[in-house]
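Structure at a glance
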2 protein chains.
Amino acid sequence: MDRERKDTDRELIGAWTKRCYFAGRAVMDSALRPYDLGSVQWYVLYQLATAGPTMQRDLVRLLTIERATMTGIVATLVRKGLVGQEPDRVDQRQKLLRITATGAKLWGELPDLSFIRSVAFDGIDEADIAVAVRVLQTATERLENQLQKGTAS
Amino acid sequence: MDRERKDTDRELIGAWTKRCYFAGRAVMDSALRPYDLGSVQWYVLYQLATAGPTMQRDLVRLLTIERATMTGIVATLVRKGLVGQEPDRVDQRQKLLRITATGAKLWGELPDLSFIRSVAFDGIDEADIAVAVRVLQTATERLENQLQKGTAS
DNA sequence: CCAATTTTGCTAGCTACCTAGCAAATACGT
DNA sequence: ACGTATTTGCTAGGTAGCTAGCAAAATTGG
């Protein structure tokens, strides 16, 4: 691999990272559209259906998104009647989320989404995937670190 | 690498792709916030400052986003007075975009953003980056393909 | 030359992300 | 016990993405 190729990959990786993220979301969104569910709404439902009632702030940590973002997603699910939200008994600041009967019924009707991962990665060398994960993880950690420094000023 | 590790990487790559994309955008957004510019607004300005006046629909293809998304971004830049938008002489459907004097002035004041790529990828083996690009590109192409099929039904 | 099709950009309405700043509740240190 | 932190979730306002459907302009095929 010559020098030019190297430079090109460094320039391309950002664009492909973005495009891959949106392509995956597009397939997921399109599979969920008949059920009027977004990709993150699906994930919240998955968590509540699978692990049982969960504190909103724990879900924030699981998804690594901002509290304000979660507020909106939960509000949508509550409005649709799929999720219940009530203050925790002992810590009144926290909200406990719990899937409703309607939510559980919908969850049971949803298609299996594992085909998405298969479509994307079947047949790709597992070692290559491991390398990709390492690169993405390293870059992410450095960027998040940089953000701390940049914001701290 | 054992079987468990393999499965784990396949489960992780989606999450890290998303997180890496948002981490990069966060650093970019934070560098541009003092100038009241978003990351894609920056890219449009970059294109117009570097390559000269450009047709809106060509920019749509360059960025691989939807026409409706571009409409909004251009509207914002026009509202801020940084970009001019006028119908093309020969094809009245198309809009020609051109950086304004104000836009060019702002462009001249913007900081160099190449530090972002350096922070993220300096010191990472170029061969690993190449592998990551290949994995992301392959997955993206397959997912975009799948979307065609899923939508065509 | 004209009808049908394609291209382009728009609006409306949605998801999902963010920051900034607020208020209430809890935790902590003296 | 009490004042100061910190934690949690909220609102407001902005960016960037999407689909669906419209209207105008251009292209294409008979």
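Chain A appears in an unreviewed UniProt entry as DNA-binding MarR family transcriptional regulator from Rhizobium laguerreae.

**Re the relation of the copies chain A and chain B**
Between the two copies of the chain lies a rotation about an axis combined with a shift along it. Its rotation angle being 180 degrees, the transformation that places chain A on chain B also includes 0.0 Å of axial translation and leaves an RMSD of 0.0 Å. Considering both components of the superposition, the chain copies are consistent with a two-fold axis. Considering only C-alpha atoms, the part of chain A nearest the rotation axis is Ala132(A), at 2.1 Å. Mapped onto chain B, 100% of the interface residues of chain A again fall at the interface, so both copies present the same surface.

**Some points on the protein's contact with DNA strand D**
Around DNA strand D, a shell composed of 28 residues is seen, among which Lys18(A), Arg57(A), Arg67(A), Ser39(B) and Val40(B) lie nearest. Atoms of DNA strand D within 4 Å of the protein: sugar and phosphate make up 69%, bases the balance. Between a phosphate oxygen of DNA strand D and a main-chain N or O atom of Glu66(B), the distance comes to 2.9 Å. Take Thr69(B): an N or O atom from its side chain is 3.0 Å from a phosphate oxygen of DNA strand D. When contributions to the surface near DNA strand D are tallied by element, the ones reaching two or more residues are α1 (3–32), α3 (56–63) and α4 (67–79) of chain A together with α2 (39–51) and α4 (67–79) of chain B. Tallied by class, residues from the surface near DNA strand D come to seven nonpolar, nine polar and 12 charged.

The rules behind each value
- Residues numbered from 1 in each chain as written.
- Chains lettered and ligands numbered in written order.
- Predicted model: local features only at pLDDT ≥ 70, side-chain atom pairs only at ≥ 80, totals over all residues.
- Heavy atoms only, no water.
- Least-squares fit on C-alpha atoms with pLDDT ≥ 70 in both.
- Contact = heavy atoms within 4.5 Å.
- Near = heavy atom within 4 Å.
- Polar contact = N/O pair within 3.5 Å; in protein donor to acceptor, adjacent residues only side chain to side chain.
- Helix = DSSP H or I, 4+ residues; strand = E, 2+ residues; numbered from the N terminus.
- Nonpolar A, V, L, I, M, F, W, Y, C, P; charged D, E, K, R; others polar.

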